[in-house]
Protein chains: 2
Amino acid sequence: MKEIVITAKNNQKIKELKALISSAKARKNSGFFAVEGVRLCRDAVESGSKIISVFYTDEAQEKYSEDITLIKNAAVSCFSVSGEIMRSVSDTVTPQGVICAVKAVKNTFAFKKGGKYIALDTLQNPDNLGAVLRTAEALGIDGVVIYGGCDMYNPKALRASMGAVFRLPVNISHNLINDIETAKLLGIRTYACVPDRDALGVTDADFSGGAVCVIGNEGNGISKDIIDACGESVTIKMNGRAESLNAAAAAAIMMWEMEK
Amino acid sequence: MKEIVITAKNNQKIKELKALISSAKARKNSGFFAVEGVRLCRDAVESGSKIISVFYTDEAQEKYSEDITLIKNAAVSCFSVSGEIMRSVSDTVTPQGVICAVKAVKNTFAFKKGGKYIALDTLQNPDNLGAVLRTAEALGIDGVVIYGGCDMYNPKALRASMGAVFRLPVNISHNLINDIETAKLLGIRTYACVPDRDALGVTDADFSGGAVCVIGNEGNGISKDIIDACGESVTIKMNGRAESLNAAAAAAIMMWEMEK
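I will try to describe carefully the structure that is included in this document. Only a predicted model underlies this, so the values are computations on that prediction, with no experimental measurement involved.

Observations concerning the side chain of B:Lys116
All names here are of chain B.
So, point 1. Relative to the helices and strands, Lys 116 resides in strand 6 (residues 116-121).
So, point 2. Despite its burial, Lys 116 remains without a salt bridge, the nearest opposite charge being carried by Glu 259 at 4.9 Å.
So, point 3. When neighbours within four sequence positions are excluded, Lys 116 is seen to be in contact with Ile 141, Asp 142, Gly 143, Phe 207, Gly 210, Ala 211, Met 258 and Glu 259.

Things to note about the sheet that holds strand 7 (residues 143-147) of chain A
Residues and elements named next belong to chain A.
So, point 1. Spatially, the seven strands line up as an open sheet ordered 8-7-6-11-9-12-10, and their pairing is parallel. Sheet topology places strand 8 (170-173) and strand 10 (200-201) at the edges, where each strand pairs with a single neighbour.
So, point 2. Set on the sheet, helix 11 (residues 247-259) makes contact with strand 6 (116-121), strand 9 (189-193), strand 11 (211-215) and strand 12 (232-235); between it and strand 11 the angle comes to about 170°.

Quick look at the relation of the copies chain A and chain B
So, point 1. Mapping chain A onto chain B leaves a residual RMSD of 0.0 Å; the transformation is a rotation of 180° accompanied by 0.0 Å of translation along its axis. Overall, the copies show the geometry of a two-fold rotation axis.
So, point 2. Comparing interface residues between copies, 100% of those in chain A also lie at the interface in chain B; the contact surface is shared.

Here's the deal with the packing of helix 3 (residues 38-46) of chain A against helix 5 (residues 65-74) of chain A
Residues and elements named next belong to chain A.
So, point 1. It is the contact of helix 3 with helix 5, at a shortest axis distance of 10 Å, that shows an interaxial angle of 40°. With respect to helix 5, the axis of helix 3 lies oblique. You can see that helix 3 and helix 5 cross each other, and the crossing is left-handed. Between helix 3 and helix 5, the contacting residues are Val 38, Cys 41, Arg 42 and Val 45 on the first element and Asp 67, Leu 70, Ile 71 and Ala 74 on the second.
So, point 2. Considering only residue class, the contact of helix 3 with helix 5 consists of six nonpolar, no polar and two charged.

Some points on the sheet that holds strand 2 (residues 32-36) of chain B
Residues and elements named next belong to chain B.
So, point 1. Reading across from one edge, 1-4-3-5-2 is the order of the five strands in this open sheet, with mixed pairing throughout. At either end of the open sheet lies a strand with only one pairing partner, and these are strand 1 (3-6) and strand 2. The sheet shows a mean angle of 20° between the axes of neighbouring strands, taken without regard to direction.
So, point 2. Bridge count for strand 3 (residues 51-56) against strand 4 (residues 75-81) is five bridges, and the pairing is parallel. Paired with Ser 53 across the bridge in strand 4 is Ser 77.
So, point 3. Against the sheet, helix 1 (residues 12-22) contacts strand 1, strand 2, strand 3, strand 4 and strand 5 (98-103), and its axis sits at roughly 85° relative to strand 2.
So, point 4. This element, helix 5 (residues 65-74), spans strand 1, strand 3, strand 4 and strand 5 of the sheet and lies at about 130° to strand 4.

Some points on the layout of surface pockets
Residue and element names in this part refer to chain A.
So, point 1. Looking at the second largest pocket, its volume works out to about 700 Å³.
So, point 2. Along the wall of the second largest pocket there are 26 residues; nearest its centre are Lys 28, Asp 151, Tyr 153, Ile 172 and His 174.
So, point 3. Those elements that provide at least two residues to the lining of the second largest pocket are helix 2 (24-30), strand 7 and strand 8.
So, point 4. Considering each element in turn, the lining of the second largest pocket owes the most residues, five residues, to helix 2.
So, point 5. Residue classes in the lining of the second largest pocket are distributed as eleven nonpolar, nine polar and six charged.

Parameters and conventions
Residues numbered from 1 in each chain as written. Chains lettered and ligands numbered in written order. Predicted model: local features only at pLDDT ≥ 70, side-chain atom pairs only at ≥ 80, totals over all residues. Heavy atoms only, no water. Helix = DSSP H or I, 4+ residues; strand = E, 2+ residues; numbered from the N terminus. Buried < 20%, exposed > 50% of the residue type's maximum accessible area, 1.4 Å probe, protein only. Lys, Arg positive; Asp, Glu negative; His and termini not counted. Salt bridge = Lys/Arg side-chain N within 4 Å of Asp/Glu carboxyl O. Contact = heavy atoms within 4.5 Å. Pairing = 2+ DSSP bridges. Axes fitted to C-alpha atoms, helices over the stretch in contact; angles between N-to-C directions. Least-squares fit on C-alpha atoms with pLDDT ≥ 70 in both. Parallel < 35°, antiparallel > 145°, perpendicular 65-115°, else oblique. Left-handed = near helix turned anticlockwise from the far one by under 90°. Nonpolar A, V, L, I, M, F, W, Y, C, P; charged D, E, K, R; others polar. 1 Å grid on protein atoms, 1.4 Å probe; cavity = no way out; pocket = protein on both sides within 12 Å on 5 of 7 lines; lining within 4 Å. Points joined across faces, edges and corners; volume = space filled by probe spheres on them.

Quick look at the structure:
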């Protein structure tokens, strides 16, 4: 395995890595994304994802030698960089000193009768998106549909997901209404989760034959045509006074009720 | 109402405001905290909190004139500042242009028979803390005990709480074990929430006579002496493979099960 030392901040590889961290467009166009930190980089390797390149500092190699060796062995190219370059690239305040460029994951899935799914309509906040993916994995959700909003390869979303991105069945949807229709054809119930006290309470919903629950955007909820496509609406009945739950908290309660 | 124009970045009032935003110690020593943004500043006013001072830009005054007037009328001192000073102080990337210094809230509570409470053992992440407070308010939890960890006046916690800090009964605890003993004396059950598959499932727990559920630190969980003090442990049974839920997601599911 060849190891290349990069000393210039304006090195082309460093520029490309920066773009993968900061730009959803660069991720989409290249089909690659950046993964930072020992734990997430290991998750990437262990998931069988293709590791295009790894960038690491001497300090990281010393401190996490076993992990870095494992990551380097999986990577096509290995680049040693200074702490200064690492800090200029990193998305974190105190970087651990290892970042990988990884080929986008393809854990797509097809709806199955009886399956439990969550669909996200234009979630904007990467922390929320990551939190939903983490909870979905923990609770054993069969698949997550992401429609619009921020991408799951956003560094904050990756961190909040605790690596769920590498393991969880996820579809990136270009037409959520079509997906909802597909689920319905399989006899899967499709519920729009709405902050509406008159809607069906989640404890009265029937998830026994499988379900898709749609969670809406943080500010605007679910778009009307998607609510209409679902046909059924469900709500988390609240005793308190806040207007609505945070999207990640609402998703956690919905998934819990689907899976328990 | 007197309006003072501040033009110097190193003005003493600006320095004090910065400290309230960035330093938990400054907040603790002064008994004040900073609230940023139109919505949160309004929440502060509407909760009856004492508004020590308001700092605002001309642009904010024009854009949110009704809100700013309401906030100014409630404030002891009003300071007009430039956009540049506002940006140098603000905790956000694109400041709305209004920040208040507010006297710390005193919504303390005493445990009551039959009450449903959540207690947080050393939650470190302000986003998690704020999310828990928001969910607690939405679901109608009777009170939150905060023990150690980050403070609820941290700007990120305030934002994530959506102003719940101003309305929710909250005790800052200096001895969580004492609090647990007090609850027990009232016949309130005290549960430690643990990621332990052998613990009692949350759906089998008895919340009918009131309960305190303790949620642990993001990395280390609940400290052993607090688990021992609780006497009973409860867990969220998971079908999936993640080691554990995020603290805010776990708290959301626990509070949901307590309140539904």
